[in-house]
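Residue strings, one per chain:
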Amino acid sequence: MALFDELPRDSRARPRRSRAERERTEIARCLHGRPLTVALLLVVALLAGCSGPAAPATGEAGSLNVRSGSPGAGTPSPAPSTATATQNSLATSSPAAPATPEAGSAFAYGFNVFVRGDGDGAQFNDKTFAMVTGAGFDWIHFQLSWKQFEPNKGQWDPLPTDRIVKQALDAKIHILVSVVDFPDWARDLSNKQLLKDWSDYQEFVHFIADRYRGQITVWEIGNEENLAYTVGGTVRVTDYAHLLEAGYKGVKTAAPDATVLFGALTPTGINNPKIAIDDVEYLKQFYALQDGYYTQFFDALGMHANATKNAPDLMWPDNPGTDGWSDDGSFYFRRVEQLHQVMLEHNDARPAWITEFGWTTANQAPGYEYGKFVSPEDQATYLVRAFQIARQSWPWCVGMVVWNLNYSVVSPPTDEKTPWAVLNADWSPRPAYTALTNMPKP
């Protein structure tokens, strides 16, 4: 989850900060929620974005030098001159996949989790999953890194993912995975577009959707694609449109019943393609692209809610917060209402998942000074109230995933991810974990 927002449009709403402080805050927000350092990833051999269930019959798991051939749908087709799926048809068409993996699931309660895919990570994951289910939650969300899973073209490394997914399934936990990161061999390094060949992505997604068919049931295509560093340095809506089409076809030709999410955008008010594009503006551009052609390639919209320090009932400009970080809708949990409004304006009746949301407390990391306004007890109250708002007022929201459960046990106190966690460094519950455990889950 990246908290990367524009400089204040109205300085009356917050205390003045120096230019250096503002820039530090923006950079910090840009990095929010990133996996731990590459060094740590290499030491523990985990995939901070990888996951996976028990492998199909492929022999000894590890690097698989195979190529699965055509994933079935071929290269993403160019957009026709007239849309094949018009915006008006969205209001009456049913999603191509269920919102949750089981017909009886009315709502998904989830945590973003730090998980390990190395050979020594089983005990760590067991403890993680026990804390998930102990809170009465039954979903987890983590990222699967393409560049780690297929570091060289045709060389697959599924074992870390296989281990994690198998353990989650053994714990009776459902899995939502975001497919992120692009290997250099697939990138268009000239930066004219994100990838050299979109069919490479489609083939990869087909491979993982087939391998984990019935195990990973919700696939999020990308993550915060309106943030430049996640898409090679330049934000282009057309790039993501092609990626989404390729990813959707890759999933559906392998696992037709799986749910495909439009990758959640980072809440931001900035409009600079070299840094970020405002999430509401980005979504509007996506719906308008090629007369809505690309809107057919997802089952539900992913959303991120950057609440900074503002209570969940607040919203700018009608009921704003105070003490800064409050003069733009992107600073509020209810920002997702503005994203949903874009859907309504295009007659889109599909559901949405909030795949990351939360509140940080006092934070030692530069750029997250707003955490001092949120006590651990406030964090607990806000998280529970956020679920109440969604369940009572947002029938279009079918799942919410708290950021985060347990990054505190692997991150130092100076890491910004630590105070967002609902567990302490010793795995003991913070007030937020206790409140979420006691919260009714209809």
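Heads up: the structure comes first, above all this text.
Residue indices follow the written sequence of each chain, beginning from 1 at its first position. Two thresholds apply to this predicted model, a pLDDT of at least 70 for residue-level local features and 80 or more for giving and counting side-chain atom pairs, whereas whole-chain, interface and lining totals are computed over all residues. Processing note: side-chain calculations cover all non-hydrogen atoms of the structure and skip hydrogens and water entirely.

A. Quick peek at the overall build of the chain. Going along the chain from the N terminus, every DSSP run of H or I of four or more residues is numbered as a helix, and every run of E of two or more is numbered as a strand. Secondary structure assignment for the chain yields eleven helices and twelve strands. Partly exposed residues are those whose accessible area sits between 20% and 50% of the maximum for their type, while under 20% is buried and over 50% is exposed, using a 1.4 Å probe and protein chains only. Split into buried and exposed, the 442 residues of the chain put 60% on the buried side. Note on definitions: a residue-residue contact is assigned when non-hydrogen atoms from the two residues lie within 4.5 Å. Sequence separation of 24 or more characterises 79% of the internal contacts of the chain that already satisfy a separation of 6 or more.

B. Spatial organisation of the packing of aromatic side chains. Centres within 6.5 Å make a pair out of two Phe, Tyr or Trp rings, where for Trp the six-membered ring is used; the pair is then stacked when the planes are under 30 degrees apart, edge-to-face when over 60, and tilted otherwise. Applying the stated criterion to the full structure yields 38 aromatic pairs. Ring geometry for Phe286 versus Tyr287: centroids 5.9 Å apart, planes at 85 degrees, classification edge-to-face. Residue Phe286 is classed as buried on the basis of its relative accessible area, which comes to 0%. Classification of Tyr287 as buried rests on a relative accessible area of 0%. When the centroid spacing of 5.7 Å and the interplanar angle of 65 degrees are considered together, the rings of Trp325 and Tyr370 count as edge-to-face. Taken together, the residues Trp325 in the loop between strand E10 (300-306) and helix H9 (335-345) and Tyr370 in the loop between strand E11 (352-358) and helix H10 (376-393) connect sequence positions 45 residues apart. Note on Trp325: relative accessible area 6%, which makes it buried.

C. Region of the structure containing the sheet that holds strand E6 (residues 218-221). Pairing between strands requires that DSSP locate at least two bridges from one strand to the other. Taking strand neighbours around the barrel as the criterion, the eight strands line up as E2-E3-E5-E6-E7-E10-E11-E12 in a closed arrangement whose pairing is parallel. With direction set aside, neighbouring strand axes in the sheet form an average angle of 30 degrees. Across three bridges, strand E7 (residues 259-265) lies against E10 in parallel orientation. If you follow Phe262 over to E10, its bridge partner there is Leu301. Where helices are involved, their axes are fitted lines through C-alpha atoms of the stretch in contact, as for all axes, and angles between N-to-C directions lie from 0 to 180°.

D. Region of interest: the packing of helix H7 (residues 237-254) against helix H8 (residues 279-288). The interhelical angle for the contact between H7 and H8, taken along N-to-C directions, is 60 degrees, at an axis separation of 10 Å. Taken together, the axes of H7 and H8 lie oblique to each other. For the element pair H7 and H8, the recorded crossing hand is right-handed. For the pair H7 and H8, the contacting residues are Val237, Tyr240, Ala241 and Leu244 in the first and Tyr282, Gln285 and Phe286 in the second. Small angles under 35 degrees read as roughly parallel and large ones over 145 as roughly antiparallel, with 65 to 115 read as roughly perpendicular and the rest as oblique. Handedness of each helix crossing follows the sense of rotation of the near helix against the far helix: counterclockwise by less than a right angle gives left-handed, clockwise gives right-handed.

E. Examining the environment of Tyr368 more closely. Relative to the helices and strands, Tyr368 resides in the loop between E11 and H10. The sequence separation of Tyr368 and Glu416 amounts to 48 residues, and the corresponding C-alpha distance is 7.3 Å.

F. Highlighting H7. Each residue after the first adds 1.5 Å to the expected span of a helix. Here H7 spans 26 Å end to end across 18 residues, near enough to the 26 Å set by a 1.5 Å rise per residue. Among the 18 residues in H7, 15 count as buried, and that is most of the element.

G. Up close: the nonpolar core. Ranked by size, the top nonpolar core spans 117 residues in total, and within it Trp219 and Phe357 carry the most contacts. The dominant element in this core, judged by the number of residues it contributes, is H7, at nine residues. For the purposes of this section, nonpolar cores are sets of buried Ala, Val, Leu, Ile, Met, Phe, Trp, Tyr and Cys residues that join through side-chain atoms within 4.5 Å. In this structure, Leu176, Leu261, Trp353 and Val398 belong to the second largest nonpolar core, which totals eight residues.

H. Representation of the environment of Phe387. The topology assignment puts Phe387 in helix H10. Along the chain, Phe387 and Met439 lie 52 residues apart, while their C-alpha atoms are 9.0 Å from each other. Those residues within four positions of Phe387 in sequence are excluded, and the remaining contacts are Phe107, Tyr109, Phe137, Phe357, Met400, Val402, Leu436 and Met439.

I. Region of the structure containing the environment of Phe357. With respect to the secondary-structure elements, Phe357 resides in strand E11. Taking the C-alpha atoms as reference points, Phe357 and Leu383, separated by 26 residues in sequence, lie 8.6 Å from one another.

J. Focus on H10. The terminal C-alpha atoms of H10, which comprises 18 residues, lie 26 Å apart, in line with the 26 Å expected from a rise of 1.5 Å per residue. Inspection of H10 places Gln379, Ala380, Tyr382, Leu383, Val384, Ala386, Phe387, Ile389 and Ala390 among the buried residues, and these make up the whole buried set. Contact partners of the buried residues in H10: strand E2 (108-112), E11, strand E12 (397-402) and helix H11 (431-438).

K. Quick peek at the packing of H8 against H9. Running from amino to carboxyl end, H8 crosses H9 at an angle of 15 degrees, the nearest separation of the two axes being 10 Å. With respect to each other, H8 and H9 are oriented roughly parallel. In this structure, the crossing between H8 and H9 has a hand that is right-handed. Across the interface between the two elements, Asp279, Val280, Leu283, Lys284 and Tyr287 of H8 pack against Arg335, Gln338, Leu339, Val342 and Met343 of H9.

L. Focus on the pairing of E12. In terms of burial, E12 is largely enclosed, as six of its six residues are buried. Pairing between E2 and E12: four bridges, direction parallel. Directly across from Gly110, in E12, lies its bridge partner Val401. As defined by bridge partners, E11 adjoins E12 across four bridges and the pair is classed as parallel. Each bridged residue has a counterpart across the sheet, and for Ala352 the counterpart in E12 is Cys397.

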